[in-house]
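The lines below spell out each chain.
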Amino acid sequence: MWGRQIHCITLLEFVCCFMNTKTRAAGLLMFRRTSPQVEFFLVHAGGPLFKNKWDGYWSIPKGIIEEGEEPLETAIREFEEETGLAPQADDYIDLGTITQKSGKVVYAWAFEGDWPPDRPIRSNLFSLEWPPKSGNWQKFPEIDDGRFFDWDSALGKINERQRPLLERLMAHIESKR
């Protein structure tokens, strides 16, 4: 169950997870319309490696596609595991794929939704030996923050390889006006 999962990994395993070139992941980009603009919900990775890294380190909620799982199923599951909020959408907009710097292929969809203003992020947890080789295992949330950003702010916050997802979503929204 989300919020209770704990994965114990070493720093090397943690880094390799992000650098695995054969991995496929899937995620959701939630957006909302606020007059007159569109805002995008992005998340910030938890743990000590991302603690003081902000611009360019935000992402869409996403995760690894498990064997036998459809990418959209993964995206929906990961959104809930990483935020604590089950996405409620009648329609998911296919944003295609992007390739992360590591070579990881990410399948993405968007949906229109909102975040309750008083609701905190409730992410699943992982354990990491920190500092490395200390024998000290600590628990960290996969995601330590999530919030909406306007267009300009989102472009500055999101991982540069995920920017095309914002652009594709905006093109889709503009085409419907």
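Residues numbered from 1 in each chain as written. Predicted model: local features only at pLDDT ≥ 70, side-chain atom pairs only at ≥ 80, totals over all residues. Heavy atoms only, no water.

Asker: How should helix α2 (residues 71-83) be read in this particular structure?
Answerer: One full turn of an α-helix is made of 3.6 residues, so residues set three or four places apart face in the same direction. The terminal C-alpha atoms of α2 lie 18 Å apart, and with 13 residues this matches the ideal 18 Å at 1.5 Å per residue to within 8%. Residues of α2 that are buried: Pro71, Thr74, Ala75, Glu78, Phe79, Glu81, Glu82 and Thr83. Looking at the buried residues of α2, the elements they touch are β2 (24-34), β3 (37-45), β5 (62-64), β7 (105-112) and β10 (143-150). Trailing α2 by a residue or two, glycine 84 shows a phi angle of about 90 degrees, which is positive. (Helix = DSSP H or I, 4+ residues; strand = E, 2+ residues; numbered from the N terminus. Expected span 1.5 Å × (residues − 1). Buried < 20%, exposed > 50% of the residue type's maximum accessible area, 1.4 Å probe, protein only. Contact = heavy atoms within 4.5 Å.)

Asker: Help me out: how do you make sense of the pattern of salt bridges in this one?
Answerer: Side chains bearing opposite charge may pair, as long as their charged atoms lie close to each other. Summed over the entire model, instances satisfying the criterion amount to 9 salt bridges. Here aspartate 55 ties to lysine 157 by a salt bridge, and the two come within 2.9 Å at their closest N and O atoms. Of this pair, aspartate 55 sits in the loop between β3 and β4 (58-59) while lysine 157 sits in helix α3 (residues 151-157), and the two are 102 residues apart along the sequence. Between arginine 77 and glutamate 69 there is a salt bridge, with its nearest N and O atoms 2.8 Å apart. Residue classification places arginine 77 among the partly exposed positions, given a relative accessible area of 23%. Look at the salt bridges and you will find they share partners, linking Glu69, Arg77, Glu78 and Glu81 into a network. (Salt bridge = Lys/Arg side-chain N within 4 Å of Asp/Glu carboxyl O.)

Asker: What is the right way to look at the side chain of threonine 74 in this model?
Answerer: Of note, threonine 74 is situated in helix α2. According to the relative accessible area criterion, threonine 74 is buried, its value standing at 0%. The residues touching threonine 74, leaving out its near neighbours within four places in the chain, are Ala26, Gly63, Ile64, Ile65, Glu66 and Glu69.

Asker: Explanation requested: the packing of aromatic side chains in the structure shown.
Answerer: Centre distance and the angle of the planes are the two values used to describe a pair of aromatic rings. Applying the stated criterion to the full structure yields 10 aromatic pairs. With a centroid separation of 5.1 Å and an interplanar angle of 15 degrees, the aromatic rings of phenylalanine 41 and tryptophan 115 are classed as stacked. You can see phenylalanine 41 sitting in strand β3 and its partner tryptophan 115 sitting in the loop between β7 and β8 (125-129), a full 74 residues away along the chain. Judged by its relative accessible area of 0%, phenylalanine 41 falls in the buried class. A centroid spacing of 6.3 Å and a plane angle of 55 degrees characterise the contact between phenylalanine 50 and tyrosine 57, whose relative ring orientation is tilted. For phenylalanine 50, a relative accessible area of 14% corresponds to the buried category. Taking relative accessible area as the criterion, tyrosine 57 reaches 36% and is therefore assigned partly exposed. Every member of this aromatic cluster is reached through a ring pair, and the members are Phe41, Phe79, Tyr92, Phe111, Trp115 and Phe148. Against the face of phenylalanine 148 rests arginine 32, its NZ or CZ located 3.9 Å from the ring centre. (Phe/Tyr/Trp six-rings, centres within 6.5 Å; stacked < 30°, edge-to-face > 60°. Lys NZ or Arg CZ within 6 Å of the ring centre and 35° of its normal.)

Asker: What's the story with unusual backbone geometry in this structure? I'm lost.
Answerer: Generally, phi is negative for residues other than glycine and the peptide bonds are trans, each holding for most cases. Cis geometry marks the peptide bond from serine 35 to proline 36, where omega comes out at 5 degrees. Mapped onto the fold, proline 36 is located in the loop between β2 and β3. Cis geometry marks the peptide bond from tryptophan 130 to proline 131; its omega dihedral reads -10 degrees. Structurally, proline 131 can be placed in the loop between β8 and β9 (137-141). Residues other than glycine seldom take positive phi values, yet lysine 133 does so here, at roughly 65 degrees. Position of lysine 133 among the secondary structure elements: in the loop between β8 and β9. Since its relative accessible area comes to 80%, lysine 133 is described here as exposed.

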